[in-house]
Amino acid sequence: MKADALRGHLDALLLAVLDGEPRHGYAIIEALQERSGGSLALPTGTVYPALRRLERAGYVESAWSTVGGRERRTYRLTSAGQKVLAEERSAWQEFTATIGAVLLPPPATA
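Residues numbered from 1 in each chain as written. Predicted model: local features only at pLDDT ≥ 70, side-chain atom pairs only at ≥ 80, totals over all residues. Heavy atoms only, no water.

(A) The overall build of the protein chain, seen in detail. Helix and strand counts for the protein chain stand at five helices and three strands. Overall, the protein chain shows an N-to-C arrangement of helices and strands of α-α-β-α-α-β-β-α. Relative to the 2.2 N^0.38 estimate, which gives 13 Å for 110 residues, the radius of gyration of the protein chain is 17 Å and therefore markedly larger than a compact globule would have. Considering only C-alpha atoms, the protein chain reaches an extent of 65 × 30 × 25 Å along its principal axes. Per-residue burial over the protein chain gives 27% buried out of 110 residues. (Helix = DSSP H or I, 4+ residues; strand = E, 2+ residues; numbered from the N terminus. Rg over C-alpha atoms; globule rule 2.2 N^0.38 Å. Buried < 20%, exposed > 50% of the residue type's maximum accessible area, 1.4 Å probe, protein only.)

(B) Fine view of the side chain of H24. By the secondary structure assignment, H24 is in strand β1 (residues 23-24). Other than its neighbours up to four places away in sequence, H24 contacts R72, R73 and T74. (Contact = heavy atoms within 4.5 Å.)

(C) View of the pairing of strand β2 (residues 60-67). Relative to strand β3 (residues 70-77), β2 runs antiparallel, the two sharing eight bridges. Note on β3: the bridge partner recorded for V60 is L77. Counting the residues in the hairpin turn of β2 and β3 gives two residues, including G68, whose phi is positive at 60°. (Pairing = 2+ DSSP bridges.)

(D) Expanded view of the nonpolar core. Grouped together as the largest cluster of nonpolar side chains are 22 residues, with contacts concentrated most on L14 and I28. The contacts of L14, once residues within four sequence positions are left out, are I28, L32, V47, A50, L51 and L54. (Core = buried A, V, L, I, M, F, W, Y, C linked by side-chain atoms within 4.5 Å.)

(E) Inspection of helix α4 (residues 44-56) at higher detail. Given a rise of 1.5 Å per residue, 13 residues ought to cover 18 Å, and the 18 Å separating the end C-alpha atoms of α4 matches this to within 8%. By the burial criterion, the buried members of α4 are V47, A50, L51 and L54. The buried side chains of α4 occupy one side of the element, clustering within an arc of 105° when seen end-on. Exposed residues on α4 whose side chains face more than 90 degrees from its buried face are G45 and R56. Against the buried residues of α4 lie α2 (10-18), α3 (25-35), β2 and β3. (Expected span 1.5 Å × (residues − 1). Arc of directions from axis to C-beta.)

(F) Structural view of the environment of L13. Looking at where L13 falls in the secondary structure, it is placed in helix α2. For L13, a relative accessible area of 25% translates into the label partly exposed. Taking the C-alpha atoms as reference points, L13 and L32, 19 residues apart in sequence, are found 7.6 Å from one another. When near neighbours in sequence (up to four residues on either side) are disregarded, L13 contacts L6, L32 and L40.

(G) Representation of the pattern of salt bridges. Per the counting criterion, the structure on display carries four salt bridges. Between E61 and R76 there is a salt bridge, with its nearest N and O atoms 2.6 Å apart. With a gap of 15 residues between them, E61 in strand β2 and R76 in strand β3 connect regions that are remote in the sequence. Given the relative accessible area of 38%, E61 is considered partly exposed. (Salt bridge = Lys/Arg side-chain N within 4 Å of Asp/Glu carboxyl O.)

Structure follows, in structure tokens:
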């Protein structure tokens with residue numbers, strides 16, 4: 001998938017993969033890849049700055065932990081992040097319905 005196609009949607013995608021469970025950075029990248037059927041293979045240089053931006057906005061929180069002797073930062077959605085995600089989902093449904101009404105062929109009539 002082209003990076004330009006993600007412009008404006010990356011934050012919502014990150015919030016969506018954090019919905020329901022906290023994840024560390026690499027697990028977020030893996031979840032994006034898995035849920036997209038491999039179409040979203042985002043580099044860490046794209047994901048981590050976006051996570052920091054979401055944290056500064058108050059939509060995610062992070063905490064450091066040590067697992068197997070390795071330090072990693074785990075991110076989780078805040079209540080503000082859950083609210084923003086709900087708004088993003090609603091806006092996305094409206095957007096896809098509108099664009100679909102124009103791009104998709106009209107249903108066949110009998």
